[in-house]
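# Breakdown of the fold
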Amino acid sequence: MKIGEEEGIHPLRLQVPRPIGYIQGGKVKRYFGRKLLIYILTFFVAVTIDWMIPRFMPGDPVDALMARAGSFAESTELMHDYYSKIFGLDVPLWQQYLNFWNALLHGDLGISVYVFPLPVTTVIMRAVPFDILLLVPAILLSWFAGNWFGAFAARSKRLDNTILPLGYILTATPYMWLAMLLAWALGIVFNIFPISGGYSYAMTPSLSWAFIWSYLQHWFLPFLSLFLVGFGGWAIGMRNMIIYELEADYSHYLEALGAPRRLVRKYAFRNAVLPQLTGLALALGVIVAGALVTEVVFSYPGIGYLILQAINTRDFFLLQGCFLFIILGVLLANFAIDIAYVFVDPRTRIGMQGE
Amino acid sequence: MINLKKNEILYFALRNNKLKVGLAVLLLFVVLTIVGPLLTNYPPMDYVGPLSAPPSSEFWFGTTSFGQDIFSQFVHGLKASFLVGIVGGGLGTLLGMLVGFTAGYRGGMVDEALNMLTNIVLVIPTLAVLLIIVAYLEVRGIFIESIFIGCTAWPWAARAIRAQTFSLRSRDFVDLARLSGMNSLKIIFTEIAPNMMSYLLLVFILQFGGAVLIAATLDFIGLGPTDAMSLGLMMNNAVLWGALILGIWWWFIPPGVAITAIVGALYITNVGLDEVFNPKLREM
């Protein structure tokens with residue numbers, strides 16, 4: 001039983017898929033309009049949370065921040081003025097809120113304590129490419145490979161009995177623990193891969209072959225641990241969905257007509273892949289969380305590592321900036337999945353499913 | 001009739017290997033959590049032994065590089081994980097039921113509004129929100145952590161329960177109850193909820209597992225309890241003090257094995273139960 005599985009027994013499944021050319025523009029527009037509204041509201045809520053938390057948690061934020069940033073002597077005075085200005089606690093709350101939005105829309109997320117005095121936006125923008133190059137391949141490859149394999153394993157006794165337990169173990173594994181195991185086994189014991197950093201500390205980022213090679217070496221283990229956990233989950237999800245689909249009336253009907261096993265499976269797969277796509281959108285939060293801790297294990301210079309540093313140095317502006325960037329990334333990914341959904345599921349195009 | 005049905009479920013439950021394996025593993029860890037603290041004389045945080053000692057008869061799981069007893073930390077961490085699972089997972093399920101039942105049964109504008117709320121909270125990554133909330137707390141306890149986890153984990157449960165409620169609410173027996181003048185609350189709890197008890201149990205199991213994982217993640221980043229030991233915190237300490245590079249595998253292997261085993265057992269139990277409750281899936 002997986003998230004979104006209630007759709008597996010959806011009565012609409014019994015309908016014959018319509019030809020792909022059957023498109024009504026209005027329905028598609030409404031589908032995207034609704035999605036977009038939710039995303040805009042979500043961003044709004046996220047920004048509001050980001051603004052609210054330092055102000056409504058017990059204690060005075062400026063005092064708390066100063067107490068924590070105390071060890072950075074040369075920046076103390078500067079920071080105090082800066083914090084007071086940022087929080088602007090003397091103006092009414094609504095004014096503070098508007099100011100916050102105003103700064104945000106100008107790309108101003110504050111100044112980092114961890115790498116004082118760089119703006120938070122700059123610090124984060126340096127980390128983002130590492131995240132994208134790590135996450136996008138890991139998510140896509142694990143999703144495709146997992147689905148393919150799950151569909152392959154379903155209802156074949158031998159694979160089911162060996163792969164299924166393995167899949168459950170993989171998907172139950174905490175991301176950081178698998179990362180630690182891989183780092184320890186392949187990095188320390190067998191000494192094949194480096195286990196720290198995004199590239200060799202002796203290098204500066206450039207577009208040379210030596211750098212790319214070093215980058216790939218450092219990239220592989222974080223990628224592998226993200227891939228493996230995801231793979232297990234998708235394989236199990238797909239295997240379970242296929243079994244639901246093979247029990248559906250249309251499958252039995254096809255079988256009764258004497259359709260070859262492969263054809264029945266093909267139809268089952270097309271239907272089963274839809275909840276998996278919804279599942280991908282739902283799992284993004286968990287995957288991102290997994291990526292954060294994986295980066296911590298490998299000291300990989302992405303957002304996760306920044307968050308760790310932000311927590312250790314009590315750099316709350318950096319922490320809040322990372323939060324907003326994560327939300328933004330997840331929203332964009334969700335939107336991409338929505339677009340993919342329209343291509344995969346003809347029914348979205350004719351407006352039979354509202355969401 | 002009811003007796004027959006119960007017997008039938010028991011019959012299938014006892015023959016389901018997934019269910020048996022899952023429950024056995026869970027039982028093992030529950031027993032370890034209860035008995036474990038009695039087997040060790042050392043408090044989890046105290047510096048009691050030699051530094052970085054491998055497992056021995058004196059220190060079953062070895063010691064940390066500060067000389068803390070890892071077995072003691074492990075069993076106390078297990079307790080924390082179960083607490084987070086029960087409180088966080090339970091709260092997540094309750095909130096999910098509250099929102100799901102209301103939205104699914106009421107329909108109309110209430111449903112639209114709650115659905116919107118659910119979708120919004122669903123998109124925001126749980127961990128990101130927890131990060132910025134928990135980072136501002138001065139003192140963090142396991143109980144508070146569980147409450148926060150429960151408050152952010154409910155959306156998918158709400159969505160699933162709403163869909164189930166939606167399909168049940170137009171059934172004849174619900175109509176009949178409505179015609180007989182029963183109030184909505186009573187209909188939900190006496191007519192609708194009992195018919196999806198098995199489903200709610202599955203939701204709780206998944207929420208339990210999710211809460212354990214998210215707590216471990218949070219603790220690992222360094223936002224764990226400040227006054228107690230947890231499995232995530234053990235891994236955090238291990239990485240922080242170089243257990244990987246020094247090869248102190250007995251420090252970081254046990255907490256991960258425990259989390260994987262508990263969560264994996266929950267998932268397998270879940271599938272097993274699903275097969276027991278859902279006749280369509282039984283024939284395997």
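Definitions and limits used
- Residues numbered from 1 in each chain as written.
- Chains lettered and ligands numbered in written order.
- Predicted model: local features only at pLDDT ≥ 70, side-chain atom pairs only at ≥ 80, totals over all residues.
- Helix = DSSP H or I, 4+ residues; strand = E, 2+ residues; numbered from the N terminus.
- Buried ≥ 20, exposed ≤ 12 C-beta atoms within 10 Å, placed from the backbone.
- Contact = placed C-beta atoms within 7 Å.
- Expected span 1.5 Å × (residues − 1).
- Bend = angle between axes of the 7 residues up to and from the residue.
- Nonpolar A, V, L, I, M, F, W, Y, C, P; charged D, E, K, R; others polar.
- Axes fitted to C-alpha atoms, helices over the stretch in contact; angles between N-to-C directions.
- Parallel < 35°, antiparallel > 145°, perpendicular 65-115°, else oblique.
- Left-handed = near helix turned anticlockwise from the far one by under 90°.
- pLDDT = per-residue confidence, 0-100.
- Core = buried A, V, L, I, M, F, W, Y, C linked by C-beta atoms within 7 Å.

What follows concerns the overall build of chain B. Secondary structure assignment for chain B yields 13 helices and 0 strands. Element order for chain B, N to C, with α for helix and β for strand: α-α-α-α-α-α-α-α-α-α-α-α-α. Dimensions of chain B along its principal axes, counting C-alpha atoms only, are 75 × 45 × 30 Å. Across the 284 residues in chain B, those meeting the buried criterion constitute 51%.

Each helix and strand in chain A was counted, giving 13 helices and 0 strands. Mapped in sequence order, the helices and strands of chain A form the string α-α-α-α-α-α-α-α-α-α-α-α-α. Every one of the 355 residues in chain A was classed for burial, and the buried ones make up 40%. In chain A, once contacts between residues fewer than 6 apart in sequence are set aside, the share between residues at least 24 apart is 75%.

Counted at 1.5 Å a residue, the expected span for helix α5 (residues 120-153) of chain A with its 34 residues is 50 Å, and the 47 Å between its end C-alpha atoms agrees. Roughly 30 degrees is the biggest bend found in α5 of chain A, and it falls at Ala 127 of chain A, with proline Pro 129 of chain A one to four residues downstream.

A few words on the interface of chain B and chain A. Across the contact, 47 residues belong to chain B and 48 residues belong to chain A. For the side of chain B that touches chain A, the element with the most residues is helix α13 (residues 249-277) of chain B, which contributes 12 residues. Considered class by class, the residues forming the side of chain B that touches chain A number 35 nonpolar, 10 polar and 2 charged.

With that settled, the discussion passes to unusual backbone geometry. Residue and element names in this part refer to chain A. One non-glycine residue, Asn 191, adopts positive backbone phi at about 55 degrees. Checked against the element boundaries, Asn 191 lands in the loop between α7 (175-189) and α8 (209-246). Given 9 C-beta atoms within a 10 Å radius, Asn 191 is considered exposed. Phi is positive for Ser 299, close to 45 degrees, though the residue is something other than glycine. Of note, Ser 299 is situated in the loop between α10 (261-298) and α11 (303-312). Ser 299 gets classed as partly exposed once you count the C-beta atoms within 10 Å, which come to 15.

Turning next to the environment of Leu 114 of chain B. Residues and elements named next belong to chain B. Within the fold, Leu 114 resides in helix α4 (residues 108-123). When the C-alpha positions of Leu 114 and Gly 181 are compared, they lie 26 Å apart, and in sequence the two are 67 residues distant. Not counting residues up to four positions away in its chain, the partners in contact with Leu 114 are Val 99, Thr 102 and Ala 103.

Let us now look at the packing of helix α10 (residues 197-223) of chain B against α13 of chain B. All names here are of chain B. Closest axis-to-axis distance for the α10/α13 pair is 10 Å, and the angle between their directions is 165 degrees. Looking at the two axes, α10 sits roughly antiparallel to α13. Crossing angle aside, the handedness with which α10 passes α13 is left-handed. Residues Ser 198, Leu 201, Leu 202, Ile 205, Leu 206, Phe 208, Gly 209, Val 212, Leu 213 and Ala 216 of α10 form the contact with α13, whose participating residues are Ile 259, Ile 262, Val 263, Leu 266, Tyr 267, Thr 269, Asn 270, Leu 273, Asp 274 and Phe 277. Here the contact of α10 with α13 is built from residues that sort into 15 nonpolar, 4 polar and 1 charged.

With that settled, the discussion passes to the packing of helix α6 (residues 142-153) of chain B against α10 of chain B. Residue and element names in this part refer to chain B. In contact at an axis separation of 10 Å, α6 and α10 are set at 120 degrees when each is read in the N-to-C sense. Considering the angle they form, α6 stands oblique to α10. Where α6 crosses over α10, the two elements pack in a sense that is right-handed. In this structure, α6 contributes Glu 145, Ser 146, Ile 149 and Ala 153 to the contact, and α10 contributes Gln 207, Gly 210, Ala 211, Ile 214, Ala 215 and Leu 218. Partitioning the contact of α6 with α10 into residue classes produces 6 nonpolar, 3 polar and 1 charged.

All names here are of chain B. A residue-level look at chain B finds 96% of positions with pLDDT of 70 or above and a mean pLDDT of 85. When pLDDT is averaged over each helix and strand of chain B, the minimum, 70, is found for helix α1 (residues 2-15) and the maximum, 92, for helix α3 (residues 70-106). Prediction confidence for the complex, expressed as pTM and ipTM, is 0.85 and 0.87 respectively.

It is worth spelling out the environment of Val 48 of chain B at this point. All names here are of chain B. Structurally, the position occupied by Val 48 is in the loop between α2 (17-39) and α3. Taking the C-alpha atoms as reference, Val 48 lies 8.7 Å from Phe 66; in sequence the two are 18 residues apart. With near-sequence residues (within four places) excluded, Val 48 lies in contact with Tyr 42, Gly 67, Gln 68 and Asp 69.

A few words now on helix α8 (residues 172-179) of chain B. For α8 of chain B, the tally of buried residues reaches only 0 of 8 residues, placing the bulk of the element at the surface. Of the residues flanking the end of α8 of chain B, it is Gly 181 of chain B, one or two places downstream, whose phi is positive at about 85 degrees.

With 170 residues, the main nonpolar core has Met 180 and Cys 322 of chain A together with Leu 131 of chain B as its most contacted residues. For Met 180 of chain A, the contacting residues outside a window of four places in its chain are Val 297 of chain A together with Met 235, Val 239, Leu 244, Phe 252 and Gly 256 of chain B.

Of note, Gln 276 of chain A is situated in helix α10. Residue Gln 276 of chain A is classed as buried on the basis of its C-beta count, with 22 C-beta atoms lying within 10 Å.

Residues and elements named next belong to chain A. For chain A, the average pLDDT comes to 80, and 81% of its residues sit at 70 or higher. For chain A, helix α2 (residues 61-69) is the element with the lowest average pLDDT, namely 61, and α5 is the one with the highest, namely 91. A low-confidence stretch, residues 1-23 (pLDDT under 50), is modelled with 36 contacts involving residues beyond four sequence positions or located in other chains.

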